[in-house]
Amino acid sequence: MSIIVEKICCSRKGRAILQDVSLMVQVGEIMGLLGPNGAGKTTLIRLLAGLARPDSGRICMFGEDAAKRSVKFRRLMGLVPQENTFESELTIEQSMLCSARLYGIANARAKVEAVCREFQIGSWRKKYPEKLSGGMKRRAMIARAMLSSPQVLLLDEPSVGLDPDMRQEIWQAVKKLKAAGKTVLITTHYMEEAEKLCDRIAFLRAGQVIYQGTTAGMRQKISPQQEISLEDAFVALALAGRRTG
Amino acid sequence: MMGGVQAVFYREMLMLVRRIGGLGYLFSGLLFPMIYLLAFGWGLGNNISVAGGYIAYLAKGMLAITVMMNAFQQTALSVSAARFYYRTFAVLRLSPISDGAIVLGIALAGTVRALLAAAVVFIAAKLFFGIAVLTGPGFVGLVLTAFAFAAFGVAVGLSIKGQEQFSIVINFFITPMTFFCGSFFPIANLPEVVQDIVRFLPLSLTNQLLQATNFVGEAGIAALALVFFMTVIYLYSTYRVHNYSEF
């Protein structure tokens, strides 16, 4: 098993954000985290990355406990957060070289060249992030996360706000990762993205996992008699939460 | 560990080179000490008698203040901005280097930044007033002070919950040290009760070293005390990095 999340509870300022969340992600699997805004998806990603600590429960990645934040744990995982995290004072290339050095990669320049080629990052890598489009930055962030060849990649809404063509490019990049045997955990609001990319999904609502399985299984669960779209199933699950909540 | 320190230091220095490209960065750092030097030198120079002359005394005090302010303020602002606005601190926190190496790399970069600012003040003091103000113990004091306050900047940058809390640290800790720790006038001019408190503050130790010509006696003790402060602050900053949370 690549990722094991066991009974995670997390609160902030007395408000429960995640309640008793458990998940398992297999090696080489693309797992999608779905749910309405405020469901706790980004919080779960932060906990998985070791950028925050849960109140209780345990997160393991390839047997390494996230709470210990060990150097070994950090080598296992790459994170692409929602927001741009390129340093405004550095060009994309300089940022990537710095990251390569932080990960102790021998021959950092050659590695950056190789990753840029793989993710089709051309001469614009010499530019500062403020000069680039959202899609370019997002692609460069995925490339930067892949510099250290992590076993697990956490992607927090990688295609939000992107043009359809740029979104397709991001999907191709994620598919390449799966082909390379990487485990990918991705949060998304796009049902098409979940259907096309994810082997399995987990649906979060009000900090709880209320469904885990395939996208087809989720549609079937909501409407056993009649075939519905994943978007309809999503809306039904989200609305059910509002009625009971 | 040293590979990690080098990587963090290299990243910080690259960012500094880009920032320093703007002349405003250099001159704004120089402006405050020069204003103090001119205003207090001209205004109070004749009223305060110290060995070696008041301007030379004040120039040393300005070096201490410049190093403290630059090391602390620039590092704390940079770390807190990387947390709150740019979200780039996570890049360091996610990388597989130890917490101690992160602090060491950032604090060393802060030290270099502060010493560069001090060098500008030193050159200005030499050019405009013809005074050479630095002794061996003084230089050691400046380096130790720069590192200690840069490390303190890391701890504060990671501890504050918003930019407004930053001014609390400045108002209650940095500003009193600026005026009471012997930079503008000897600590001996203060009431005895205040002297007893003030002499153990880090900036007083720096000023003591700046006035010393060797490490014999009190200067040696001041240097050791600064090393002690520096170590405690470094360990505390490392603890803050270890407990870093994006909540």
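None of these values were measured; they are calculated from a predicted model.

### Here's the deal with the overall build of chain A
From N to C terminus, chain A includes 9 helices and 10 strands. Computed over the C-alpha atoms, the radius of gyration of chain A is 18 Å, within 12% of the 18 Å expected from 2.2 N^0.38 for a compact globule of 245 residues. The C-alpha extent of chain A, read off along each of the three principal axes, is 55 × 40 × 35 Å. Contacts in chain A between residues far apart in sequence, at least 24 positions, make up 65% of those at least 6 positions apart. For chain A, the exposed area adds up to about 10700 Å²; of that, 48% sits on carbon and sulfur atoms. The distance from the centre of the 37 positive side-chain charges to the centre of the 25 negative ones in chain A is 4 Å.

### Considering the UniProt feature "domain: ABC transporter" (unreviewed entry) in chain A
Those residues carrying the UniProt feature "domain: ABC transporter" (unreviewed entry) are residues 3-231 of chain A in this numbering. Secondary structure within residues 3-231 of chain A divides into 36% helix and 26% strand; the distance between the first and last C-alpha atoms comes to 27 Å.

### Section: empty space enclosed by the protein
Applying the stated criterion across every chain, the model contains 1 cavity of 30 Å³ or more. Put simply, the largest cavity is a space of about 190 Å³. Secondary structure elements with two or more residues in the lining of the largest cavity: strand S6 (77-80) and helix H5 (134-146) of chain A together with helix H4 (89-94) of chain B.

### Notes on the pairing of strand S4 (residues 56-61) of chain A
Residue and element names in this part refer to chain A. Looking at chain direction, strand S1 (residues 3-12) and S4 are connected through 5 bridges and run antiparallel. Bridge pairing in S4 links valine 5 to isoleucine 59. Examined bridge by bridge, S4 and strand S5 (residues 64-65) share 2 bridges and lie antiparallel to one another. What sits directly across from cysteine 60, in S5, is aspartate 65. Counting the residues between successive antiparallel strands, the hairpin from S4 to S5 contains 2 residues, one of them, phenylalanine 62, with a positive phi of roughly 45 degrees.

### Quick word on the interface of chain A and chain B
With 31 residues of chain A at the interface, the matching set in chain B holds 28 residues. Buried surface at the junction of chain A and chain B, both sides included, amounts to about 2900 Å², of which 62% is carbon and sulfur. The three residues of chain A that bury the most area against chain B are Leu51(A), Arg74(A) and Leu102(A), which together make up 26% of that side's buried surface. In this structure, the connection of chain A to chain B is made through 4 salt bridges.

So, how was this worked out
- Residues numbered from 1 in each chain as written.
- Chains lettered and ligands numbered in written order.
- Predicted model: local features only at pLDDT ≥ 70, side-chain atom pairs only at ≥ 80, totals over all residues.
- Heavy atoms only, no water.
- Helix = DSSP H or I, 4+ residues; strand = E, 2+ residues; numbered from the N terminus.
- Rg over C-alpha atoms; globule rule 2.2 N^0.38 Å.
- Contact = heavy atoms within 4.5 Å.
- Areas by Shrake-Rupley, 256 points an atom, 1.4 Å probe, with all protein chains shown as cover.
- Lys, Arg positive; Asp, Glu negative; His and termini not counted.
- Charge placed at Lys NZ, Arg CZ, Asp CG, Glu CD.
- UniProt positions renumbered as here; feature names shortened; annotations may be inferred.
- 1 Å grid on protein atoms, 1.4 Å probe; cavity = no way out; pocket = protein on both sides within 12 Å on 5 of 7 lines; lining within 4 Å.
- Points joined across faces, edges and corners; volume = space filled by probe spheres on them.
- Pairing = 2+ DSSP bridges.
- Buried area = accessible area lost by both parts, 1.4 Å probe.
- Salt bridge = Lys/Arg side-chain N within 4 Å of Asp/Glu carboxyl O.

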